[in-house]
Amino acid sequence: MRRRALAGLQWAGIVAATLFALLPLYWMGLTSLSRANAVLTWPPRLLPDPGNLTLDAYTAVLTTTSALRWLANSTGITVASILVALAVSVPAGYALSRSQGREVKVMGAVLLISKMLPATVLLTPLYVLARAAGLLDNPAAVVLGNLSFAVPLATWMMKEHFDKVPGDIEEAAWIDGCSRLRGLWSVVLPQARPAMAAVTAYVGVVSWNDFIFARTLLTGGDSTTVTVGAAMLIGEYNIDWPRVMALALLATVPVLAMFALLHRQLVRGMSSGMH
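## Focus: empty space enclosed by the protein
Next, step 1: Evaluation of the coordinates by the stated rule reveals one cavity of 30 Å³ or more.
Next, step 2: A volume near 40 Å³ is recorded for the largest cavity.
Next, step 3: Together, Ser 74, Ile 77, Val 142, Ser 207, Trp 208, Asp 210, Ala 214, Thr 225 and Thr 227 line the largest cavity.
Next, step 4: Of all the elements in the fold, those that place two or more residues in the lining of the largest cavity are helix H4 (67–98) and helix H10 (193–208).

## A word on the layout of surface pockets
Next, step 1: When its volume is computed, the second largest pocket comes out at roughly 250 Å³.
Next, step 2: Lining the second largest pocket are 14 residues, with Leu 30, Ser 34, Ala 38, Val 39 and Arg 45 positioned closest to its centre.
Next, step 3: The element that contributes the greatest number of residues to the lining of the second largest pocket is helix H1 (residues 2–32), accounting for three residues.
Next, step 4: Of the residues assigned to the lining of the second largest pocket, the class counts are eight nonpolar, four polar and two charged.

## Observations regarding the pattern of salt bridges
Next, step 1: Tallied over the full model, the rule gives three salt bridges.
Next, step 2: Here Asp 240 and Arg 243 are joined by a salt bridge, their closest N and O atoms 3.2 Å apart.
Next, step 3: For Asp 240, a relative accessible area of 25% translates into the label partly exposed.

## What about the nonpolar core?
Generally speaking, soluble globular proteins have nonpolar side chains that are buried together.
Next, step 1: Within the largest apolar cluster, 39 residues are counted, with the highest numbers of intra-cluster contacts made by Val 142, Met 158, Phe 162, Val 203 and Phe 213.
Next, step 2: Elements that contribute at least two residues to this core include exactly H4, helix H6 (119–133), helix H7 (139–164), helix H9 (180–188), H10, helix H11 (212–217) and helix H13 (241–274).
Next, step 3: Residues in contact with Val 203, not counting those within four places in the same chain, are Ser 81, Ile 82, Ala 85, Ala 150 and Ala 154.
Next, step 4: Membership of the second largest hydrophobic core comes to 14 residues, among which are Tyr 58, Trp 70, Leu 71 and Ala 251.

Each value, and the rule that gives it
Residue positions are given per chain, counting from 1 as you read along its sequence in written order. In view of the model being predicted, local features appear only for residues whose pLDDT reaches at least 70, and side-chain atom pairs are presented and counted only at 80 or more, with totals across whole chains, interfaces and linings using the full set of residues. Side-chain measures here rest on the full set of heavy atoms in the structure, leaving out hydrogens and waters. Cavity and pocket criteria rest on a 1 Å grid covering protein atoms alone: a 1.4 Å probe that fits but cannot get out defines a cavity, protein on both sides within 12 Å along at least 5 of 7 lines defines an open pocket, and an atom within 4 Å of a point defines a lining residue. Grid points are joined across faces, edges and corners, and a volume is the space filled by probe spheres set on the points. Helix numbering and strand numbering both begin at the N terminus, where a helix is a DSSP run of H or I of at least 4 residues and a strand a DSSP run of E of at least 2. Polarity classes work like this: nonpolar for Ala, Val, Leu, Ile, Met, Phe, Trp, Tyr, Cys and Pro, charged for Asp, Glu, Lys and Arg, and polar for all others, with Gly in that last group. The salt bridge definition used is simple: a Lys or Arg side-chain nitrogen within 4 Å of an Asp or Glu carboxyl oxygen. Partly exposed residues are those whose accessible area sits between 20% and 50% of the maximum for their type, while under 20% is buried and over 50% is exposed, using a 1.4 Å probe and protein chains only. Buried residues of nine kinds, namely Ala, Val, Leu, Ile, Met, Phe, Trp, Tyr and Cys, make up a nonpolar core once their side-chain atoms join them within 4.5 Å. Only heavy atoms matter for contacts: two residues are in contact if any of them lie within 4.5 Å across the pair.

Dropping the structure here:
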């Protein structure tokens, strides 16, 4: 009886946590499907009213705004940020893990300290560099901004994983004739997939949710991202909440798809970290 009661409490906790996590998505969906006057009623209705449900918000967002272009811009910037972040953080994390020199440790500390700088501090020098390089209103400038914010932590995430990989495995590969680079590619990286998935998820979320770099380094209009585009739907005196929530829900779909693709490696990484 005690075991059943404990199991029941555990399942109740899981269900409560799931409902709590899904409540924002549910409220976004309900608001996006409601008429504007129904959204402003008080007290708010938690259950949908069939008479006030409509797809007008989605139709308006897709036909009267550049929502699809904004989503495409955000997708391109996010994918580029993930690829470059992996290309930088994997070898950098490996170097921090395997090197014993004092200089490397100092560089690692500097890299970690740079993660503590807020994005507003990085914004001015990035704007000056982007203007000097002719990258203003170019997605590459936003990618560089995202990397300056995400790569330090991504590098340390990879370092922590490489620290757990025994060096004997690499030494055995070297004895068999592998170079250090070949050993990293063929022996170490296959075991680092959970960490690479975690880095992908982290950089992907940071890049997709970025507002300050896209707002400053892009001129707006069709060249901006979906986060800035959602803010453009907010007027000075009026907010069309169904349209804002419709665009926000459309912007959530790619993130959910990314986690659906990565969930196996993420679960594997969390499971291995418990042992």
